[in-house]
Amino acid sequence: MYAFASLSMMVIGVVTLVVGVRLLIRAGQTHGLPELLFGAAFVTGSVGVAGSQLGQRFVWTEPGPLFTSMTALGFGLQVLGTAALFAVVWRVFRPRDRWAMGLALAGALLALGGWALRWVDGSFEGDVLRSRGLFLFQSMRIVVFAWSATESLRYAAALRRRVALGLAEPAVANQIFFWGVAGIFMIVTTLGIMLPILLTGRSPLEFALPMALITVSTLGTAVVMWCAFFPPLGMRRRLLFSGA
């Protein structure tokens, strides 16, 4: 089970990185802000997580200046990715609402505050699971995924009513729905990581239930994320045919 959980996390890392790179390429072609923000969020988040894990296992394996600086850098990339996600939800779904701008700014600043708290607490200096900064950062991750899922599912439901009237493309409605589902999966993943650490101070991979939740949710995230941004040809044809 441990090997399968590790494999599932590697799969979501690869999918996130590939989707992010493709979105950045798309942003270079269209000059669209959502593509740029999504791509930046996925690339920085994937590199931050995977780079830190691989580095701690194979390169900076012992506590020291290199371990501390590279761990802080990897976590900083994750913070940048979270800030970009806050920005993209605001710009895509609520560009004219001041409260949404305030929420995006507050979420990004609090995520950055988590990075600063980890410096203050010295949790970058070793393999520390319990940390005020880490808890604050992961809390902001839950907030942004919950916000993204709510907005996506709400908008997808509105589009489906328009699809029934022939006023919207069924493929678009389903892509937005998939992104909402991805947000729910990511909430489950984050809670599966956070709760065992908060309650026991031990890694979630030491417990069967959290490990199973993380495995299922990360694999689910990989599938629906790919379908949200780059749906397979067969899916696009079926959706277009059903809405013809």
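Each remark here, short or long, concerns the structure printed above.
Residues numbered from 1 in each chain as written. Predicted model: local features only at pLDDT ≥ 70, side-chain atom pairs only at ≥ 80, totals over all residues. Heavy atoms only, no water.

Caption draft 1: Fine view of the packing of aromatic side chains. In this structure the tally under the stated criterion is 16 aromatic pairs. With centroids separated by 6.2 Å and ring planes inclined at 55 degrees, the aromatic side chains of Phe 177 and Phe 178 adopt a geometry described as tilted. Put simply, the rings of Phe 75, Trp 115, Trp 119, Phe 124 and Phe 137 touch in pairs and so form one group of aromatic residues. Its guanidinium or amino end placed over the ring of Trp 90, Arg 91 lies 5.0 Å from that ring's centre, counting from NZ or CZ. (Phe/Tyr/Trp six-rings, centres within 6.5 Å; stacked < 30°, edge-to-face > 60°. Lys NZ or Arg CZ within 6 Å of the ring centre and 35° of its normal.)

Caption draft 2: Summary view of the pattern of salt bridges. Throughout the structure, instances matching the rule amount to 4 salt bridges. Between Asp 97 and Arg 94 there is a salt bridge, with the nearest N and O atoms lying 3.4 Å from each other. Since its relative accessible area comes to 25%, Asp 97 is described here as partly exposed. The class of Arg 94 is partly exposed, set by a relative accessible area of 23%. A salt bridge links Glu 151 to Arg 94; the nearest nitrogen and oxygen atoms lie 2.9 Å apart. Taken together, the positions of Glu 151 in helix 5 (residues 132-164) and Arg 94 in the loop between helix 3 (65-93) and helix 4 (98-121) put the pair 57 residues apart, joining distant regions of the chain. Several salt bridges share partner residues, and in doing so they unite Arg 94, Asp 97, Glu 151 and Arg 154 into one network. (Salt bridge = Lys/Arg side-chain N within 4 Å of Asp/Glu carboxyl O. Buried < 20%, exposed > 50% of the residue type's maximum accessible area, 1.4 Å probe, protein only. Helix = DSSP H or I, 4+ residues; strand = E, 2+ residues; numbered from the N terminus.)

Caption draft 3: Empty space enclosed by the protein, seen in detail. Summed over all chains, the structure comprises 1 cavity of 30 Å³ or more. Empty space within the largest cavity amounts to approximately 30 Å³. Leu 85, Val 89, Val 144, Phe 145, Ser 148 and Trp 179 are the residues that line the largest cavity. Put simply, the parts of the chain that give the lining of the largest cavity at least two residues each are helix 3 and helix 5. Sorting elements by how many residues they give to the lining of the largest cavity places helix 5 first, with 3 residues. For the lining of the largest cavity, the per-class residue count stands at 5 nonpolar, 1 polar and no charged. (1 Å grid on protein atoms, 1.4 Å probe; cavity = no way out; pocket = protein on both sides within 12 Å on 5 of 7 lines; lining within 4 Å. Points joined across faces, edges and corners; volume = space filled by probe spheres on them. Nonpolar A, V, L, I, M, F, W, Y, C, P; charged D, E, K, R; others polar.)

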